[in-house]
Amino acid sequence: MSRVNRESERPAERNWSAPQRKEQRIGVLLVNLGTPDGTGYRAIRRYLSEFLSDRRVIESNPLWWQPLLQGVILTRRPFRTGAAYREIWNREEDESPLRTYTRAQSENLSTLWPEAETGVVVDWAMRYGRPSIAERMQALADRGCDRILVVPLYPQYSATTTATVNDAAFRALMRMRRQPAIRTVPSFPDHLAYIRAMAGQIRDSLSGLGWRPDLLIGSFHGLPRRYVEAGDPYPRECERSMAALRRELGLTEPDFRMTFQSRFGSEPWLEPYTDEYVTALAQQGVEGIAVVAPGFLSDCVETLEELGSQLREQFLKAGGKHFHLIPCLNDSAGITNLLDQILREELAGWLDGAAR
């Protein structure tokens, strides 16, 4: 997976008026969802067990959920999940694309924030799997970082994503004798740099097609309705992203529609469901669609396999003729610029000259 030259994104001038002493650095920790270490049964089971045992993700009583999870679910589900990961696995690096892209995002950001000039150390971690948040926070502290900025890589806030990253960071602090100061980055559903990067990605991807989509679908990861009823702001933040993207692209709601994917279990989730909605479109005579996943900054099993493979097959089987999946920002110049903007805003007061 190639990486884009970021020289064009490097700010013309940096004013590092207060460089940090070597023993007092600032750590930046980019955190994504997570990934198994391999596609085999044991690696997948270990990853799913950690993920589905998180009380933020599954808000059910563990007295009945854990026996069900460790028994029935984790006996069967690793086979299906492993097959999905094998389909999209980055064999060159022997890892999932999510790990490849998250590491690349960290490396590209580091080129804009050179440690020797800024005193900023950029690193990355996974909420589930490796490298863990606790491991990398300790590594940053060991390198002399007395302040750490935690960056959950989720544009839209949910307790199941942003909050659980922060939980893990705070739990890591509880085990540290010498605690660094911590800041966490808020969600950014309509941040101008995010919207412009996404709009640019959509335009570039569609410009290479030999056909014109009848409409564009924005598919977000789903959430149980009861989580929203309990106060989770996630669907409102998804709507903010969609409204901003439509404005930037000059599209109306009928041209660019919002759906939700990846539901699990039998309880009601946010609707409309992406798979059912897209199948109905094909049955109604819609011949060509393009799908984008604005809630994912990196391509992963939910985008590449669930949308790019499963959803494509469902649409074509139902009568559709053309299907196109727009890539996530991945390691593009757009996401490097977005993360650079976030650092300059969120490090204000910690590093003079960071916010301009």
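All of these numbers come straight from a predicted model, not from anything done at the bench.

Reading the values: the criteria
- Here the residue numbering is sequential within each chain, running from 1 through the sequence in written order.
- Where local features are concerned, this predicted model is filtered to residues with pLDDT of at least 70; where side-chain atom pairs are given and counted, the filter is 80 or more; whole-chain, interface and lining totals use all residues.
- Side-chain numbers come from the whole structure's heavy atoms, not from hydrogens or water.
- Only the six-membered ring of Trp is used, alongside the rings of Phe and Tyr, when aromatic pairs are assigned; centres must lie within 6.5 Å, and planes under 30 degrees apart are stacked while those over 60 apart are edge-to-face, with the rest tilted.
- The helix and strand labels rest on DSSP assignments: H or I over at least four residues marks a helix, E over at least two residues marks a strand, and numbering proceeds from the N terminus.
- Buried residues are those whose accessible area, probed at 1.4 Å on protein chains only, stays under 20% of the maximum for their type, while exposed residues exceed 50% and partly exposed ones sit between those limits.
- As a reminder, the over-ring test applies to NZ of lysine and CZ of arginine, requiring each to be within 6 Å of the ring centre and within 35 degrees of the ring normal.
- Salt bridge criterion: a side-chain nitrogen from Lys or Arg within 4 Å of a carboxyl oxygen from Asp or Glu.
- DSSP calls a pair of strands paired once it identifies at least 2 bridges connecting them.
- Axes, fitted as lines to C-alpha atoms, cover a helix only where it is in contact. Angles between the N-to-C directions of the axes lie from 0 to 180 degrees.
- Two residues qualify as a contact provided that any one of their heavy atoms is within 4.5 Å of a heavy atom in the partner residue.
- UniProt positions are given in the numbering used here, feature names are shortened, and annotations may be inferred rather than shown by experiment.
- Using protein atoms alone on a 1 Å grid, points that fit a 1.4 Å probe yet trap it form a cavity, whereas open point sets bounded by protein on both sides within 12 Å along at least five of seven lines form a pocket; residues with an atom within 4 Å of a point count as lining.

*Asks:* A description of the packing of aromatic side chains should follow, citing residues and the corresponding values.
*Replies:* Applying the stated rule across the entire model yields 8 aromatic pairs. Taken together, a centroid distance of 5.0 Å and an interplanar angle of 40° make the contact between Tyr41 and Phe79 tilted. With Tyr41 in helix α1 (residues 41-52) and Phe79 in helix α2 (residues 62-88), the pair connects residues that are 38 residues apart, well separated along the chain. For Phe79, a relative accessible area of 54% puts it in the exposed group. Between Phe188 and Tyr194 the ring centres are 5.9 Å apart and the planes differ by 80°, which places this aromatic pair in the edge-to-face class. In terms of burial, Phe188 and Tyr194 fall into one category: buried. Put simply, the rings of Tyr47, Phe51 and Tyr128 touch in pairs and so form one group of aromatic residues. Just above the ring of Trp350 sits the side chain of Arg183; from NZ or CZ to the centre is 4.2 Å.

*Asks:* Pulling in residues and values, what's your account of the pattern of salt bridges?
*Replies:* When the charged atoms of two side chains lie near each other, side chains of opposite charge can form a pair. Applying the stated criterion across every chain, the model contains 20 salt bridges. The residue Arg147 makes a salt bridge to Asp146 at a minimum N-O spacing of 3.2 Å. A residue is classified by how much of its surface remains accessible, and Asp146, at 19% relative accessible area, is buried. Where Asp275 meets Arg263, a salt bridge forms, and the shortest distance between an N and an O atom there is 3.1 Å. Within this pair, whereas Asp275 is found in helix α10 (residues 274-283), its partner Arg263 is found in the loop between β6 (256-261) and α10, the two being separated by 12 residues in sequence.

*Asks:* I'd like to hear about the sheet that holds β6, residue by residue, with values.
*Replies:* With parallel pairing, the 4 strands of this open sheet are ordered in space as β6-β5-β7-β8. Single-partner strands in this sheet number two, and they are β6 and β8 (322-325). Strand-to-strand twist in this sheet, taken as the mean axis angle between neighbours without regard to direction, amounts to 25°. Where strand β7 (residues 288-292) lies against β8, 4 bridges are found, and the strand directions are parallel. Following the sheet pairing, Ile289 is matched in β8 by Phe323. This element, helix α7 (residues 192-207), spans β5 (215-221), β6, β7 and β8 of the sheet and lies at about 145° to β7.

*Asks:* Any chance you could break down the UniProt feature "binding site: Fe(2+)" (unreviewed entry) in the protein chain for me, citing the residues and the numbers?
*Replies:* UniProt's feature table lists "binding site: Fe(2+)" (unreviewed entry) at His221 and Glu302, given in the numbering used throughout. Look at the named residues: they lie 82 residues apart in sequence, but the longest C-alpha span between them is just 8.3 Å, so in the fold they bunch up. When the annotated set is filtered for residues lining the largest cavity, what remains is Glu302. Relative to the helices and strands, His221 is located in strand β5. Not counting the four nearest positions on each side in its chain, His221 is found in contact with Tyr234, Phe260, Gln261, Ser262, Trp269, Phe296 and Glu302. Among residues more than four places away in sequence, those in contact with Glu302 are His221, Gln261, Ser262, Phe296 and Leu307.

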